[in-house]
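Take a look at the letters that make up each chain.
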Amino acid sequence: MYLFPQIVFIALLSSLSLTRALYFHIGETEKKCFIEEIPDETMVIGKYRTQLWDKQTAAFLPSTPGLGMHVEVKDPDTKVVLSRQYGAEGRFTFTSHTPGEHQICLHSNSSKMALFTGGKLRVHLDIQVGEHTNNYPEIAAKDKLTELQLRVRQLLDQVEQIQKEQNYQRYREERFRMTSESTNQRVLWWSITQTVILLITGIWQMRHHKRFFEAKKLV
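Residues numbered from 1 in each chain as written. Predicted model: local features only at pLDDT ≥ 70, side-chain atom pairs only at ≥ 80, totals over all residues. Heavy atoms only, no water.

**Brief notes about the overall build of the protein**
What counts is decided by this rule: Under the scheme used here, helices are H or I runs from DSSP no shorter than 4 residues and strands are E runs no shorter than 2 residues, and both carry numbers assigned from the N terminus. The protein chains shown are the only cover counted for residues, whose accessible areas, like all others here, come from Shrake-Rupley with a 1.4 Å probe.
Counting its regular elements, the protein contains 2 helices and 10 strands. Secondary structure of the protein in N-to-C order comes out as β-β-β-β-β-β-β-β-β-β-α-α. Element-wise, carbon and sulfur atoms account for 57% of the exposed surface of the protein, whose accessible area totals about 14,800 Å².

**Considering the packing of aromatic side chains**
One pair of aromatic rings is described through two measures. These are the centre distance and the angle between the planes. Let me state the cut-off plainly: Only Phe, Tyr and Trp rings take part, Trp by its six-membered ring, and two of them pair if their centres are within 6.5 Å. Stacked means planes under 30 degrees apart, edge-to-face means over 60, and tilted covers everything else. Relative accessible area decides the class of each residue, using a 1.4 Å probe on protein chains only: under 20% of the type maximum gives buried, over 50% gives exposed, and in between gives partly exposed.
For the structure shown, the criterion picks out 4 aromatic pairs. Between Tyr-86 and Phe-92, the ring centres sit 6.5 Å apart and the planes meet at 50 degrees, which makes this aromatic pair tilted. Grouping residues by exposure puts Tyr-86 and Phe-92 together as buried. Between Tyr-168 and Tyr-171 the ring centres are 6.4 Å apart and the planes differ by 25 degrees, which places this aromatic pair in the stacked class. Taken together, the residues span about one helical turn, with Tyr-168 and Tyr-171 both in helix 2 (residues 147-215) at a distance of 3 residues. By relative accessible area, Tyr-168 is classed as buried at 5%. Using a relative accessible area of 31% as the deciding quantity, one classes Tyr-171 as partly exposed.

**Focus on the packing of helix 1 (residues 136-143) against helix 2**
Geometry of a packed helix pair, given as the angle between the helix axes and the separation of the axes. Selection rule: With axes taken as lines fitted to C-alpha atoms, and helix axes fitted only over the stretch in contact, angles between N-to-C directions fall between 0 and 180 degrees. Any angle from 65 to 115 degrees is called roughly perpendicular, while one under 35 is roughly parallel, one over 145 is roughly antiparallel, and all others are oblique. Crossing handedness: left-handed means the near helix sits turned counterclockwise from the far one by under a right angle, and right-handed means the same turn made clockwise. Note on definitions: a residue-residue contact is assigned when non-hydrogen atoms from the two residues lie within 4.5 Å.
It is the contact of helix 1 with helix 2, at a shortest axis distance of 10 Å, that shows an interaxial angle of 125 degrees. Relative to helix 2, the element helix 1 lies oblique. Regarding helix 1 and helix 2, the two cross each other, and that crossing is right-handed. Listed contacts from helix 2 to Tyr-136, Ile-139, Ala-140 and Asp-143 of helix 1 are Leu-150, Arg-153, Gln-154 and Asp-157.

**Structural notes on the pairing of strand 5 (residues 59-62)**
The line we're drawing: A pair of strands is treated as paired once DSSP finds two or more bridges between them.
Looking at chain direction, strand 4 (residues 43-54) and strand 5 are connected through 4 bridges and run antiparallel. Among the inter-strand pairings, Trp-53 is bridged to a residue of strand 5, identified as Phe-60.

**Examining the environment of Gln-103**
Along the chain, the position of Gln-103 falls in strand 9 (residues 100-108). Here Gln-103 falls in the partly exposed class, since its relative accessible area comes to 23%. Once the C-alpha coordinates of Gln-103 and Lys-32 are considered, the two residues, 71 residues apart in sequence, prove to be 10.0 Å apart.

**What to know about the UniProt feature "transmembrane region" (unreviewed entry) in the protein**
Using the following cut-off: UniProt positions are given in the numbering used here, feature names are shortened, and annotations may be inferred rather than shown by experiment.
Under the present numbering, the feature "transmembrane region" (unreviewed entry) in UniProt falls on residues 187-206. End C-alpha to end C-alpha, residues 187-206 measures 29 Å, and it is 100% helix and 0% strand.

**What to know about the pattern of salt bridges**
Filter applied, for reference: Every case where a carboxyl oxygen of Asp or Glu lies within 4 Å of a side-chain nitrogen of Lys or Arg is listed as a salt bridge.
The tally for this structure, following the rule as stated, stands at 5 salt bridges. Residue Arg-172 is joined to Glu-37 by a salt bridge in which the shortest nitrogen-to-oxygen separation is 3.0 Å. Here Glu-37 lies in strand 3 (residues 31-38) and Arg-172 lies in helix 2, a separation of 135 residues in the sequence. Using a relative accessible area of 38% as the deciding quantity, one classes Arg-172 as partly exposed. One salt bridge in this structure joins Glu-160 and Lys-164, with 3.8 Å as the shortest N-O distance. Note that Glu-160 and Lys-164 are positioned in helix 2 at a spacing of 4 residues, about one turn of the helix.

**Quick notes on the state of the cysteines**
By definition, a disulfide links the sulfur atoms of two cysteine residues through a covalent bond. Selection criterion: Pairs of cysteine sulfur atoms within 2.5 Å are identified as disulfides in what follows.
Overall, the coordinates contain 1 disulfide when judged by the stated rule. Covalently, Cys-33 is tied to Cys-105 through a disulfide, its sulfur atoms 2.0 Å apart. Across the S-S bond of Cys-33 and Cys-105 the torsion is about 105 degrees, and the bridge reads as right-handed. Here the residue Cys-33 occupies a position in strand 3, and Cys-105 occupies one in strand 9, the gap between them amounting to 72 residues.

**Brief notes about the nonpolar core**
Here is the rule we go by: To qualify as a nonpolar core, a set must consist of buried Ala, Val, Leu, Ile, Met, Phe, Trp, Tyr and Cys residues joined through side-chain atoms within 4.5 Å.
Ranked by internal contacts, the top residues of the largest apolar core, which has 22 residues, are Phe-92 and Leu-125. Those elements that provide at least two residues to this core are strand 2 (20-26), strand 3, strand 4, strand 6 (69-74), strand 7 (80-86), strand 8 (89-95), strand 9 and strand 10 (121-129). Examining the composition of this core, we find that 5 residues originate from one element, strand 10, more than from any other.

Laid out in structure tokens, this is it:
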């Protein structure tokens, strides 16, 4: 019997300017997805490492090198932005080109399932969005920036990320307004249609009753 992968959607509700770190467990056929709201033209870096459940020690131990993880990222239009096989520990990056909810999915490679048959895998995931993807010590060393210049660079990056977030919020408000107007318009036309149907039905009933009374010579 074929078992379809179970997909679990988890909404990360914290601010986009923060770094998210979490861990989760997956089984042999599981696929777990996370929904991340990202403004357009924003870099995202994900880092992960896996641990394998060991029955003898009853603890999670570092995974064997043969175990891998497949990472797939889809944009709000369900277009695949990233789809790649990684090792037991890895790092993936992508840049959003469409504002909205991006789906980040991870699952273990099926060819190595025998390594943890009947067990479970723990995945530690760290997602960084926006200016938090920048390695400022490396930037300072490369561009030979002073502490003050580096701080100014950080503030400029933060301001740019705030502007992107504001633009994304305006985009969401505009979509919500269009949806509300469309819904109100449909409700209005439905009300008008109901009124017209009632009027037509009332007129038909009046004419029908009139003909009935005339046939019975009651009028």
